[in-house]
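One-letter residues, chain by chain:
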Amino acid sequence: MQRSAISLAVLALWANASTAQTEVTLEKVQVTGSNISRVENETATPTLVLTRKDIERTGLATVKEVLDSLVGTSQLPTGSNKTLSDITSGASYAAGSSAVSLRHLGPQATLVLLNSRRLAPYAMHDDPTMVTDVNALPLSAVERIEVLRNGGSAVYGSDAIAGVINIITKQNFTGLTLRASHEQSTEARDFRASTAGLTAGFGDLAEDGFNVMMNVEFYKRSSVMWSDVMTKLNPAIPNYFPSFGSPSTYSHPGNIIEAGGAIAGCPAAQTIDGLCMYDRYSRLEAQPSSERANLLLNGRVNIQPDLQGFGEVMVSSNQTLYTLADPAYGIGGFSSWFDPSTGATRQFYERGLPKEHPLNPTGLDEVDFRYRFSDANAQQKVDSKAYRVLGGLRGLNRGFDWEGAAGVMGSTVVNDTRGAYSDSAFKTLIGDYNLAHDPLFFNRGYRIGQPNSAEVLNALFPVFTHTGRMKQAFVDGKVSGPISAIQGRPVDIALGFDLRHESLDITPSANLASGDIVGYGVAETHGKRTFGSLFAEVNLPLAETLEMQAAARLDKYPNFDVNLSPKLGLRFVPTKSLLLRGTVEAGFRAPNLVESSTTTLYSYDNNIVDPKRCPQASALATDLRAQANALPEGDPARVPLIARADIVETQECVAGVAAVRGSNTELKPETSLGTTLGMVFEPADNVQVEVDAWRIQRRDEIGYMTPQSLINSEDGEGAGRVQRVGLTNDRSFS
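These numbers were taken from a predicted model, which means no experiment stands behind them. (Residues numbered from 1 in each chain as written. Predicted model: local features only at pLDDT ≥ 70, side-chain atom pairs only at ≥ 80, totals over all residues. Heavy atoms only, no water.)

J.: What should I look at first to understand the overall build of the chain in this one?
T.: Regarding its fold elements, the chain presents 13 helices and 35 strands. Here the C-alpha radius of gyration of the chain, 30 Å, is about what a compact globule of 734 residues would show, namely 27 Å. Across its three principal directions, the C-alpha atoms of the chain cover 100 × 55 × 45 Å. Counting all 734 residues of the chain, 50% fall into the buried class. For the chain, contacts bridging at least 24 residues in sequence account for 72% of all contacts bridging at least 6. Accessible surface for the chain amounts to roughly 32300 Å². Of this, 57% is attributable to carbon and sulfur atoms. (Helix = DSSP H or I, 4+ residues; strand = E, 2+ residues; numbered from the N terminus. Rg over C-alpha atoms; globule rule 2.2 N^0.38 Å. Buried < 20%, exposed > 50% of the residue type's maximum accessible area, 1.4 Å probe, protein only. Contact = heavy atoms within 4.5 Å. Areas by Shrake-Rupley, 256 points an atom, 1.4 Å probe, with all protein chains shown as cover.)

J.: Explanation requested: the confidence of the model for the chain in the structure shown.
T.: Do not read the predicted coordinates in detail wherever pLDDT is low. For the chain, the average pLDDT comes to 86, and 93% of its residues sit at 70 or higher. Taken as a whole, residues 1–26 scores under 50 in pLDDT and shows 49 contacts with residues more than four places along the chain or in a different chain. (pLDDT = per-residue confidence, 0-100.)

J.: Before we go on, may I ask you to explain the sheet that holds strand β2 (residues 47–51) in this structure?
T.: Note: strands within a sheet are paired through backbone hydrogen bonds, in either parallel or antiparallel orientation. Read from one edge of the open sheet, 5 strands run β2-β7-β8-β5-β6, paired in mixed fashion. Unpaired on one side and paired on the other, β2 and β6 (117–118) mark the two borders of the sheet. Across 6 bridges, strand β7 (residues 142–148) lies against strand β8 (residues 163–169) in antiparallel orientation. Bridge assignment links L148 to a residue of β8, and that residue is V164. (Pairing = 2+ DSSP bridges.)

J.: Teacher, can you tell me more about empty space enclosed by the protein here?
T.: Empty space among the atoms becomes apparent when a probe as large as a water molecule is rolled across them. Tallied over the entire structure, the rule returns 9 cavities of 30 Å³ or more. Of the pockets and cavities examined, the largest cavity occupies roughly 410 Å³. The biggest single contributor to the lining of the largest cavity is strand β5 (residues 110–114), with 3 residues. Estimated volume of the second largest cavity: approximately 150 Å³. Lining the second largest cavity are 19 residues; nearest its centre among them are A120, D133, A136, A386 and S411. Mapped by element, the contributors of at least two residues to the lining of the second largest cavity are β19 (307–323), β24 (379–397) and β25 (400–418). A total of 5 residues in the lining of the second largest cavity trace back to one element, the largest contributor, which is β24. Across the lining of the second largest cavity, the residue classes break down as 10 nonpolar, 6 polar and 3 charged. (1 Å grid on protein atoms, 1.4 Å probe; cavity = no way out; pocket = protein on both sides within 12 Å on 5 of 7 lines; lining within 4 Å. Points joined across faces, edges and corners; volume = space filled by probe spheres on them. Nonpolar A, V, L, I, M, F, W, Y, C, P; charged D, E, K, R; others polar.)

J.: For this particular structure, what's the right way to read the state of the cysteines?
T.: Each disulfide consists of a covalent bond between the sulfur atoms of two cysteine residues. Per the counting criterion, the structure on display carries 1 disulfide. Through a disulfide, C266 is tied to C276; the S-S separation comes to 2.1 Å. Taking the sign of the S-S torsion, about 85° here, the bridge from C266 to C276 comes out right-handed. One end of the pair, C266, is in the loop between β14 (261–262) and β15 (271–272); the other, C276, is in strand β16 (residues 275–276), with 10 residues separating them in the sequence. Of the two residues, C266 and C276, neither departs from the other in class, the shared state being buried. (Disulfide = S-S within 2.5 Å.)

Right, dumping it as structure tokens:
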């Protein structure tokens, strides 16, 4: 896989920039992309720095929003490199999380750091990508964001193929600040979000010998249904999607097509051409509600003049509530899913009402009955918590800076969903759909269109859960400083190590594990590993205006050979206003615990378009509607024509398929080769122009084919990759 592009940024330096340029300071700073503290901020590696003032000028409320606004980040909605957002991730195992992607290479190739150290991954995967949830980070505590705009594996290790985002919080902060914001659309006022953050700090390192900072941030976002904002959409949409906005014949209390349509009790306002209609957009969510609370504590204390202790505590709690569509039921409906307890595929068939049913006056067996379970209380609640606690020492000894730290971190995700049938309860309360004739079908415990007890509804639509727990522990250390000099310019080196242990457990509830939930997938992973790395870096002044950066990192993961990631960079400053730079770097990504551990992954994708059946179904539906429209109002022949058009499109153009995947013991780490070439030009005060060309080539990329891509390429796939149900069950065209 190969990606290449040229990025151009014209950056205006801000009000305090000219002052910063005139001040002379020899204080060294840590620059993202290097383990060596240095005086110059501009290195051979292209790095974008967003200061606190820059962040405030954006007017954005969350870390996710700020990162998505940057040059080089992307928001791909689909595919293996898609970028997660908690607004759109409800159908994912990683629902409730938000990730960021650089260079369109996906979040699995983008490393996110907090204060130059890794964060624990989100405890659920995105089938099977593991991500860093940026919702857990409080924006009001951020001092600056540094984006390394090329690979960073030689310095940071795995996952940095596309680049590194380093979020740096306030240090040595004193005083009290309150940040609050409220956003609301002027056109669709249902879209609104509020944020409030409090930051307090006391103690000055220089005067008091210590500093402690606390930040608390709260965020709340409203839920919005598409029905509430339909009038604000582009009026030309129906020209391209004729059925967009149209009501559904799958309604409550329902329709019996052969009996003329609406079941008694349907409100007159919902009746069209004798059919009881349902606004399918009333529970189709444009934006889920969310509530977040984040806490960050950090502190530093001067133990001796050249010895400092530091610590950090981060805790976050996020709840996202997705409103799901009420389950629709109608003759000919079909679902398939995998039963983890047997490994076999199961099928669920939606049958019509028998002739014995009191709502069937036709005397015909299995009439076309269409219904909407409006009492299912379909929803998905995701409760995620994350934490990181670390402590360490840093100091200066004989001209060398050194630092060491140890800590623990992790996350827990509980995903509770409701709105799918319990297969066993359906057979008990409604009937066995496998029987050719059941005289009591839909005439048992569940009553059509009538109030049903909580006991019945909880049995028919039980809560099912995925619980994920990720834990990490680490110890790291590094030392850097000058070892020599060339023509009075220091030769700096850095040496260090990073040792980590991690475990991941993703467990489904018993009703999922037994295959009792109709049409839903199951994820289960149990894995742990210990891995570590050694790294070295050197800055070598080749001449007064030419500097070379060389780095190398050795990473060792269980069951894989030692991986070497080298890097070479050059920085040339021919004039005070011009800097030329270039890098060549090898990168890699080790398979995550989902990909490399024992994993069961049964999924159900309910938005599949069948390229063989959907075009024919759409043409048939168009013809059926045309026939209906040609008939006069009140003609009884209109009802079955409209109803059949609805069911044909529903079953063939937004179909559901079951898919099964497992971990691959033959996986190797991904590798990459990244190159950059660029310049920084300052033609005048307060004006800076950066131009960087980059190229990243990935090899042995770890990925998967989505169910949609498999179906699209069905004829070229091997036998058994796509399995179709026999045409004896085909009700769309027969």
